[in-house]
Amino acid sequence: MSSIQLDSAAVYAINGHVNEVFPATCGGILLSTAAGVREDPEIIEVTESFALPSSCIENGVLNLKSKETNAYIKFMVSRLAEVKADTNIAGWYISCSVSNIFDAQVFENMYAMQQANPESFVLVHDVALSKVTGTLGVRAFRLSDEFISVRKTGTSRITTEMLIKHNLNYTNLVVELFVCTFENDLVRQFMAKNAPVLAAGCLKVPDEELLERHADAAMVTMDDLNYDQGNYNYYQRQLTREKQKIAQWKAKRAAENAERAEKKQDPLSTEEYKTLFKLSEEPNRLESLLLSAQLEEQCIQVEELAGGTASTLIPAKFAI
Amino acid sequence: MSKFFQTQGPADGSDFSSSEEEDLYGVSDSLSDSLSDSLSESLSEESDADSNDSGDEAADDAEEGGKAPFTRNKFLKGQGGSDSEDDSSDDERVAVKSAKDKAVDEANQNASSLSEHASKLDWISALAMFDKLQKIVERTNRQYGIVPKQFVETISSLETRLKEKEKEKQSASQSKAQNTLRQRMKKIVREYEARLASFRENAESYEEGTPLVSKQQETEKKKNVAMSAATAFDALNDELTSHTVFLTLLSVMESRGRKNTDRAEQAGLLERQLAVAETAYQKICLLLMLIPMRFDLISTSAAKAYTALSRSSNPEFGLWQQIERDLRELFSVLDSNDTYIVLDTAAEPEDWEVEPKANKFGKKLIPGSIPALVERLDDEHARIMATYDPHTTEYLERLRDETKLEELILRAQCYQEFALEANSIPLAQSVVFSRLLSRRIDHIYYKPETAIAATEFAAWSQVPAHIDSKVTPRPENASKINAIALIDELSAVIYEQPSMLLRARAILSKIYQLSLADEFYQARDLMLRSHLQSQIHNSDSLTQVLFNRSLVQVGLSAFRQGLINEALNCLQEICSTSRLKELLGQAQARQQQDQQSQSGGQQPTSLLLPYHMHINLELVECVYLTSSMLVEVPYLANVAGLRSAQSDLRKRSVNRPFRRLLDQHDRQIFSGPSETTRECVIQATKSLQLGDWRYALDLLNKIKAWSLLSPTQESRQKVMNLIEIQLKQSALRAYLLSFCTKAYDSLSLEYIAQDYELTEKQVRQLLVKMIAQDEIAALLDETSRFLVFKTEADPPRAQTLALALLEKTQQMLDRNERLAGDGHVPELAQKRAPRIRSQ
């Protein structure tokens, strides 16, 4: 398992970019030294980064697969090569809440990147969280082997069977990578500038606004998940019904065949039902997986934000 | 046709001109109409004169009935004979003697023409003639009991003629007519068989009037027999002695219940016989016969005639007094001869003349029921009371008889007790005795204790000194009588007997009395412990009425204690219907009224209580509305307030009738000064809602019904003081709920106490309660004695979000469970499927 080492310059550049456009989403490309020349093959050292223009953002999500973006990246890499900078594309960054990466588009991006470079990763910079805690809220993720193997089957539709076969569930969609950086006066200064004034009073939730936003988001996710599950329940009912019909048909056919055997006639085909009945198609499980993972992430966020306060509330409650 | 004549009076008959009849008789021109009018008028005059002559009432009646047809027929005959000549009609008039004779003449004429037709073998006209004749004869037979000789003769000859000509050939229509005639003949012959036979035997001596035994004659015969019996009595009257006692008794006994006996006369006879009776046994027997006889008299119209000479204005009442006297006499006879015992279980003697033999206790038993007689007397009294207008002085005077009744019931009770003990029968075994006790309770339960003590003592003082009762011992003086103890003593026996009904009544009566004595908790406990609420629907309406009355009294007593909620609970159900009067047995149900007006008004007052037992409805309504007001005003304010959503009060059932009244008041464009109880309370409610308790109190004090709430001025004042405090508290609560939370930051307790004229302690109690019940968001500052209102903010967004999230999570959990249940194992899914669908 590789880990990520962020150079101060890269951190500075990324931080500057995301803070500039906050609260909008933005993204960029991370560059590292080539795999062959690394001191420690397990450590990916991000040395350079460049921002992608806002035109690459579609519906709040970075699109890395479009021609324009790829052209822009090529152009940027070639320019950087001119100044002898590292040109190996190690991954990409995005400024959003961690939960937002559980999105089909983001996953497609990651898949595409990992196809090109199996070591590529996505760096998620949660600006809102950084602002609250006064720290650098950066995490790195890469698609898990399980997901890759499922995705490699070629169809974009993921069925339950595949999930079981590849042992894929919402907790192992992605793997988180260790991120480290070196202290740099510049970074510290920058962070200090961004640090919020911490509110006094132990019973105050650190940032209500952020908490509320997360709660809201969690609710939306839950709604979506409920809807998705409703669909799935509908499918299940349909399936049960169909299977019942088939079982009935089979029983009837078996009885018919027995009758024919008595009359010494040729038995009828027992496989005919496959043309008669068509089992409804299982809905794509990917959506459900993503929503589950997203919800989990949101819950973790809420817990992290309010957990401290909640625990102080308990003694307060008993004191009353 | 005959029916028609009977229903038509003479006047109707004279201008009789129905087209149907005209056709029948071939009369068609208007001339004949006018003629018929003039003719019939003159004829009716004549017949009137006739009837005067005869002087016989029965004949007169019959004649009136027969006049109309007769006149017309007479006239028609003139018409039919020739072109209405004056002469002929004059002749007719001269010939007229009586309706009877005319009818006979007519019949005879018809008969002769019939035989003429028959001899000519003209069957068609013969048939028409025959029908006509038959009708006339039927009438004469019915009215006068006469069958004209010629009719019989004709019938007889016609019969033979028909038989002879049976085989002859004739035209189709003729033979058809002949056949019809033959059939009719058969019927007629059967009807008048006896007469035909007697006629054939001796045609010469046949008489028209010879008795054909009709019903009318039979009844006449009976009358004669009865008359002769009456004359026999008359004969007896002259020589009544003690020896004729049982003769008289037997004759009266035999005729009793028959239709035509003159009860008044027989009662008189018994009375006279009683005067000369010698032995106690004779007297007892005579009295036991005489008293029921008088009860019969009371209930028949004959009573009026019998007691016309009575001093009392109401004839029934005169009889009632007589019965009362008779009963007293019976008691005195029984008291002085205690070997004779009248008991309902005694066997009926075979021979009344022989005195019954003494049984093993040395007592001679005579069948009869003293309690039943007293009960009947009581019933009759109630019935008589019902006929008076309760606002007259006569009603009050009759009310005085209550004491006499109670005394008689008491004596009956003592006597029955003595009789049962003498034969060592347990008291509780005698249904009659229990009924009597129940009756006694009925007489006292609704009175205030002082009244009970007074009447009870008065009743005892009338009872001869040597008589005492074990069930209810003779009191030493009026002050020692305790109403509830008395009811308990009486109930003790009733509780032991098996009848559920009497037991229920005893319990309810006690509840009523307890409530009157302001023992609310005892009354309520008894009500709840007896579980009567659950069974009362199965009992008779009188007991249900008693239940309702008791319940209302419990409510009133709760109100007197200032227990507003309890009072409301008791009164709610009864008062919220529009049938309060009916439920309390003080008015008839509308449905019943309708039924009675259809069925002719039987038992109109049996379910109604006499006026002096009524519960004042004005008072009940007043108490109910006031209680509703005190409870409802703070509630309404609370509902309107902000915090209602969190309050448990919201779940409380709404007092709809009261709300309706309020709504009605609100809808009025102009509300005048309040006059009725209802208006007063509603106005008071309105002012309470605005916090103006002083005006509300003024309005409540205006209500006159309060004077009925409690017997003494003192206790009434006490109740009103309680109500005043409740009123202030309600007003304060409403005020705080509807205005203060919005207008004030804090309120001084001192100010509240001053403004509402309550003590600070009361104010504090109320406020603490309100705060505890989460009705107002406030704190009580004990040091500065201020009520400090909390400023209310909306709950933080995070909180609402958290709540919403919680809900969503629950939803998702359900979904997940379903998903797992319906999962990928088909068998499992099938098993679980129904459960899920039902969700």
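Residues numbered from 1 in each chain as written. Chains lettered and ligands numbered in written order. Predicted model: local features only at pLDDT ≥ 70, side-chain atom pairs only at ≥ 80, totals over all residues. Heavy atoms only, no water.

S.K.: Explanation requested: the overall build of chain B in the structure shown.
M.R.: In terms of helices and strands, chain B carries 38 helices and five strands. Taking all 839 residues of chain B together, the buried fraction comes to 44%. In chain B, 68% of the contacts between residues at least 6 apart in sequence involve partners at least 24 apart. (Helix = DSSP H or I, 4+ residues; strand = E, 2+ residues; numbered from the N terminus. Buried < 20%, exposed > 50% of the residue type's maximum accessible area, 1.4 Å probe, protein only. Contact = heavy atoms within 4.5 Å.)

S.K.: Would you mind going over the sheet that holds strand 1 (residues 3-6) of chain A with me for this structure?
M.R.: All names here are of chain A. Taken in spatial order, the seven strands close into a barrel running 1-3-2-6-7-8-9, and their pairing is mixed. If you compare each strand with its neighbour and ignore which way they point, the axes differ by 35 degrees on average. Summarising the sheet, strand 6 (residues 88-95) and strand 7 (residues 121-125) pair through five bridges and their orientation is parallel. Paired with Gly91 across the two strands is Phe121, which belongs to strand 7. Packed onto the sheet, helix 1 (residues 8-21) meets strand 1, strand 2 (27-32), strand 3 (43-51), strand 6, strand 7 and strand 9 (174-181) and runs at close to 40 degrees relative to strand 3. Helix-sheet contacts for helix 3 (residues 104-116) involve strand 6, strand 7, strand 8 (138-143) and strand 9, and the interaxial angle to strand 8 is about 70 degrees. (Pairing = 2+ DSSP bridges. Axes fitted to C-alpha atoms, helices over the stretch in contact; angles between N-to-C directions.)

S.K.: Explain the nonpolar core to me, please; I cannot follow it from the model alone.
M.R.: Where a protein is soluble and globular, its nonpolar side chains tend to be buried together. Counting 162 residues, the largest nonpolar core has B:Leu330, B:Met629 and B:Leu787 as its most contacted members. Residue contributions to this core peak at 14 residues, all from helix 15 (residues 280-299) of chain B. Every residue in contact with B:Leu787, bar those within four places of it in the chain, is listed here: B:Leu736, B:Asp745, B:Ser746, B:Leu747, B:Leu749, B:Leu767, B:Ile771, B:Ile776, B:Ala778, B:Leu779 and B:Leu780. With 41 residues, the next largest nonpolar core counts A:Leu62, A:Phe107, A:Met113 and A:Ala293 among its residues. (Core = buried A, V, L, I, M, F, W, Y, C linked by side-chain atoms within 4.5 Å.)

S.K.: Explanation requested: the packing of aromatic side chains in the structure shown.
M.R.: For any two aromatic rings, the description comes down to two numbers: the centre-to-centre distance and the angle of the planes. Overall, the coordinates contain 11 aromatic pairs over all chains when judged by the stated rule. Summarising the aromatic geometry, the rings of B:Tyr415 and B:Phe418 are spaced 5.9 Å apart at their centres and angled 55 degrees between planes, so their arrangement reads as tilted. One end of the pair, B:Tyr415, and the other, B:Phe418, are both in helix 19 (residues 393-422), three residues apart, so they sit about a helical turn from each other. Ring geometry for B:Phe559 versus B:Trp706: centroids 5.7 Å apart, planes at 0 degrees, classification stacked. Taken as a pair, B:Phe559 in helix 26 (residues 541-560) and B:Trp706 in the loop between helix 33 (693-702) and helix 34 (713-743) lie far apart in primary sequence, 147 residues in all. Of the residues examined, B:Phe559 reaches a relative accessible area of 0% and is grouped as buried. Given the relative accessible area of 4%, B:Trp706 is considered buried. A connected cluster of aromatic rings, assembled from ring pairs, spans A:Phe102, A:Phe107 and A:Phe147. Across the ring face of A:Tyr232, the terminal group of A:Arg285 is positioned such that the distance to the ring centre comes to 4.0 Å. (Phe/Tyr/Trp six-rings, centres within 6.5 Å; stacked < 30°, edge-to-face > 60°. Lys NZ or Arg CZ within 6 Å of the ring centre and 35° of its normal.)

S.K.: Could you clarify how one ought to interpret the pattern of salt bridges in this entry?
M.R.: Oppositely charged side chains may form a pair once their charged atoms are brought near each other. Within the structure shown, the criterion is met by 33 salt bridges over all chains. A salt bridge links A:Lys245 to A:Glu242, with the nearest nitrogen and oxygen atoms 3.9 Å apart. Of this pair, A:Lys245 and A:Glu242 both sit in helix 8 (residues 208-262), three residues apart, roughly one helical turn. Assessed through its relative accessible area of 40%, A:Lys245 is described here as partly exposed. Among the salt bridges present, the one from B:Glu760 reaches B:Arg764, with a minimum N-O distance of 3.9 Å. Of this pair, B:Glu760 and B:Arg764 both sit in helix 36 (residues 760-772), separated by four residues, roughly a single helical turn. (Salt bridge = Lys/Arg side-chain N within 4 Å of Asp/Glu carboxyl O.)

S.K.: So what exactly am I meant to see when it comes to the interface of chain B and chain A here?
M.R.: Reports of interface size often rely on the accessible area that becomes lost once the parts have come together. Opposite the 19 residues of chain B that make contact, chain A presents 21 residues. Regarding the contact of chain B and chain A, the summed buried area is about 2,000 Å², with carbon and sulfur atoms giving 59% of it. Where chain B meets chain A, there are one salt bridge. The shortest N-O distance in the salt bridge between A:Asp223 and B:Lys808 comes to 3.4 Å. On the surface where chain B and chain A come into contact, there are two residue pairs in polar contact (both at pLDDT 80 or more). Only helix 37 (797-821) and helix 38 (826-838) of chain B provide two or more residues apiece to the side of chain B that touches chain A. The dominant element in the side of chain B that touches chain A, judged by the number of residues it contributes, is helix 37 of chain B, at 13 residues. A breakdown of the residues in the side of chain B that touches chain A according to their chemical character gives seven nonpolar, six polar and six charged. (Buried area = accessible area lost by both parts, 1.4 Å probe. Polar contact = N/O pair within 3.5 Å; in protein donor to acceptor, adjacent residues only side chain to side chain. Nonpolar A, V, L, I, M, F, W, Y, C, P; charged D, E, K, R; others polar.)

S.K.: How should I be thinking about the UniProt feature "coiled-coil region" (unreviewed entry) in chain A in this particular structure?
M.R.: In the numbering used here, UniProt assigns the "coiled-coil region" (unreviewed entry) feature to residues 239-266 of chain A. In the segment residues 239-266 of chain A, helix accounts for 86% and strand for 0%; the C-alpha atoms at its two ends are 32 Å apart. (UniProt positions renumbered as here; feature names shortened; annotations may be inferred.)

S.K.: Mind showing me how you'd approach the sheet that holds strand 4 (residues 778-781) of chain B here?
M.R.: What links the strands of a sheet is backbone hydrogen bonding, and the strands pair in either a parallel or an antiparallel sense. All names here are of chain B. Taking strand neighbours across the sheet as the criterion, the three strands line up as 3-5-4 in an open arrangement whose pairing is antiparallel. Of all strands in the sheet, those with a lone pairing partner are strand 3 (746-748) and strand 4, marking the two edges. Neighbour-to-neighbour, the strand axes of this sheet turn through a mean angle of 20 degrees, independent of strand direction. As judged from the three bridges shared by strand 3 and strand 5 (residues 786-789), these two strands associate in the antiparallel manner. The residue of strand 5 that forms the bridge with Ser748 is Phe786. Relative to the sheet, helix 35 (residues 749-756) contacts strand 3, strand 4 and strand 5, its axis offset from that of strand 3 by approximately 60 degrees. Along the sheet, helix 36 contacts strand 4 and strand 5; its crossing angle with strand 4, the most-contacted strand, is approximately 145 degrees.

S.K.: Please clarify how the pairing of strand 9 of chain A should be interpreted in this entry.
M.R.: Consecutive residues of a regular strand have side chains that alternate between opposite faces of the sheet. Residue and element names in this part refer to chain A. As defined by bridge partners, strand 1 adjoins strand 9 across four bridges and the pair is classed as parallel. Within the sheet, the bridge partner assigned to Ser3 lies in strand 9 and is Phe178. Alignment of strand 8 against strand 9, held across four bridges, turns out to be antiparallel. Directly across from Leu143, in strand 9, lies its bridge partner Val174.

S.K.: Sorry if this is basic, but what is going on with unusual backbone geometry here?
M.R.: You will see that A:Lys84, though not glycine, has its phi angle at about 60 degrees, which is positive. Mapped onto the fold, A:Lys84 is located in the loop between helix 2 (67-82) and strand 6. A positive phi angle is found at B:Arg785, which is not glycine, with a value near 50 degrees. Take B:Arg785: it is sitting in the loop between strand 4 and strand 5. According to the relative accessible area criterion, B:Arg785 is partly exposed, its value standing at 35%.

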